[in-house]
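Residues per chain are reported as follows:
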Amino acid sequence: MTLPMKNRIYVIAEAGVNHNGSLDMGLELVDIAAEAGADAVKFQTFKTENEISRKAPKAGYQVETTGDQESQFEMVKKLELSEAAHRTLIEQSRKKGIQFLSTPFDLDSLHLLARTFDLPVLKIPSGEITNPLLLLAAARTQKPVILSTGMSTLAEIETALGVLAFGYLAEGKSPGLSAFKDAFCSAAGQRALKSKVTLLHCTTEYPAPFDEVNLRVMATMEAAFGLPVGYSDHTPGIAVPIAAAALGAVMVEKHFTLDRTLPGPDHRASLEPDELRAMVAGIRQVEQALGGRAKIPVPAEEKNAPIARKSLIAAVAISKGESFTERNLTAKRPGTGISPMRYWELLGTTAQQDYQEDEVIG
């Protein structure tokens, strides 16, 4: 695993840009994530000039949530967090006992998180999976990486993993597609990936339609790459992330907000505080329920077996020396006597004592 999992599903409460550029809102989001029982609270770190062209259009969902009066650049610029704000949020997370994480969208931001703040892991968003410059820089920090895979094919994921493997190996070779493939296919590259990378299945739409989530892809990705796989959710509500946990996700990420009616691009597809608490509680219940693979009676069942199961019972009064027959032998509760599985074994044998009707055969 890329993070200490403590034998449980790692839950990331995605604050993202739902602070609306306000440090006070950001601090409140940290508090809510901690109170909900999440393992980490995650923000987004970027310099708009490095991330977005001034001519880049908004996504459809961004137009729906924020209108078309401003450009994507103008919208995102208002959501930047300063280095000082990061420090304050990191300190608040430490005080609240929750891990601070952030997603870098450009090289300067990546170095801020990895070098200046020395975060334990880097989260690469789906939109950067075809950005080898960012992937390579992330791997060269030698830090673990959580890689979201929204909008991707298996081939694109493999190429991205090749970039990461190449960066982790740090062999001084020139980067390029051939070198990335060689790194991915090498035993050393595979060892590096298995020790440092977690994949997140994701559907990149806000909110994501239920019928386009395809949670079974998690199993496909695990089989294809042999890496731990989690899930980053953008669907309404909490059913799908809990289902992902039940299907074996090692990590679940979900956006949350103070209020879904706030202005901004991501609030509408986010959970409110009570929903976040319910999601975390549901995931914790699922991880307990998953248990082991052996089908054996568990301690909670043992006391119920004598009550719920049946024994061989005298269907009518039976005298000592009388033969057991289909007429005088039946199966009823409780299960404290001879198992009904021995019914045919007893037929034709003689009773060693008198039995009243409905008495357990012993």
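Nothing here was measured: the structure is a model prediction, and the numbers come from that model. (Residues numbered from 1 in each chain as written. Predicted model: local features only at pLDDT ≥ 70, side-chain atom pairs only at ≥ 80, totals over all residues. Heavy atoms only, no water.)

*Asks:* Any chance you could explain the side chain of serine 270 here in plain terms?
*Replies:* Following the sequence through the fold, serine 270 ends up in the loop between strand 8 (251-255) and helix 13 (273-290). Separated by 2.6 Å, the side chain of serine 270 and the backbone oxygen of aspartate 266 make a polar contact. (Helix = DSSP H or I, 4+ residues; strand = E, 2+ residues; numbered from the N terminus. Polar contact = N/O pair within 3.5 Å; in protein donor to acceptor, adjacent residues only side chain to side chain.)

*Asks:* Even after reading the chapter, I still don't get helix 13, so can you show me in this structure?
*Replies:* It helps to recall that an α-helix has 3.6 residues per turn; residues three or four apart then point in one direction. With 18 residues, helix 13 should reach 26 Å at 1.5 Å per residue; the first-to-last C-alpha distance of 26 Å fits that figure. Where helix 13 is concerned, the buried positions are Pro273, Leu276, Met279, Val280, Gly282, Ile283, Arg284, Val286 and Glu287. The inward-facing, buried residues of helix 13 abut strand 1 (10-16), helix 1 (23-36), helix 12 (239-246) and strand 8. (Expected span 1.5 Å × (residues − 1). Buried < 20%, exposed > 50% of the residue type's maximum accessible area, 1.4 Å probe, protein only. Contact = heavy atoms within 4.5 Å.)

*Asks:* Before we go on, may I ask you to explain the pairing of strand 5 (residues 145-148) in this structure?
*Replies:* Taken residue by residue, a regular strand's side chains alternate between the two faces of the sheet. What you see with strand 5 is no split at all: Val145 and Leu147 on one side and Ile146 and Ser148 on the other are buried throughout. Two strands pair when backbone bridges link them, and strand 4 (residues 122-124) and strand 5 are joined in this way by 3 bridges, in the parallel orientation. Residue pairing across strands places lysine 123 opposite isoleucine 146, the latter belonging to strand 5. In this fold, the crossover linking strand 4 to strand 5 by way of helix 7 (residues 132-140) has right-handed handedness. Here strand 5 pairs with strand 6 (residues 197-202) via 4 bridges, running parallel. (Pairing = 2+ DSSP bridges. Right-handed = clockwise from strand over helix to strand, strands pointing away.)

*Asks:* I'm lost on the side chain of threonine 235 in this one. Help?
*Replies:* One can find threonine 235 in the loop between strand 7 (229-233) and helix 12. At a separation of 2.9 Å, a polar atom in the side chain of threonine 235 contacts the side chain of aspartate 233. When near neighbours in sequence (up to four residues on either side) are disregarded, threonine 235 contacts Ala208, Phe210, Val213, Val240, Pro241 and Lys254.

*Asks:* Explain the sheet that holds strand 1 here, please?
*Replies:* In any sheet, the strands associate via hydrogen bonds between backbone groups, in a parallel or an antiparallel arrangement. Pairing is parallel across the open sheet formed by 8 strands, whose spatial order is 3-2-1-8-7-6-5-4. Each of the sheet's edge strands pairs with one partner strand only, and the pair in question is strand 3 (99-104) and strand 4. Strand-to-strand twist in this sheet, taken as the mean axis angle between neighbours without regard to direction, amounts to 25°. Pairing between strand 1 and strand 2 (residues 40-45): 4 bridges, direction parallel. Within the sheet, the bridge partner assigned to alanine 13 lies in strand 2 and is valine 41. Each of strand 2, strand 3 and strand 4 is contacted by helix 6 (residues 107-116), which is oriented at about 160° to strand 3, the strand it contacts most. Those strands touched by helix 11 (residues 217-225) are strand 6 and strand 7, and its axis lies near 150° from that of strand 6. (Axes fitted to C-alpha atoms, helices over the stretch in contact; angles between N-to-C directions.)

*Asks:* I keep staring at the pattern of salt bridges and nothing clicks. Help me out?
*Replies:* Side chains bearing opposite charge may pair, as long as their charged atoms lie close to each other. A complete count under the given rule lists 16 salt bridges for this structure. Measuring nitrogen to oxygen at the nearest pair gives 3.9 Å for the salt bridge that ties aspartate 108 to lysine 47. Residue aspartate 108 is found in helix 6, and its partner lysine 47 is found in the loop between strand 2 and helix 2 (48-51); the two are separated by 61 residues along the sequence. On the accessibility criterion, aspartate 108 (40% relative accessible area) is partly exposed. In this structure, lysine 332 engages aspartate 358 in a salt bridge whose closest nitrogen and oxygen atoms are separated by 2.7 Å. Separated by 26 residues along the polypeptide, lysine 332 in strand 10 (residues 329-332) and aspartate 358 in the segment after helix 16 (343-346) bring together distant segments of the chain. Judged by relative accessible area, aspartate 358 falls into the partly exposed class, the value being 45%. Because the salt bridges share partners, they merge into one network encompassing Arg8, Asp39, Arg284 and Glu287. (Salt bridge = Lys/Arg side-chain N within 4 Å of Asp/Glu carboxyl O.)

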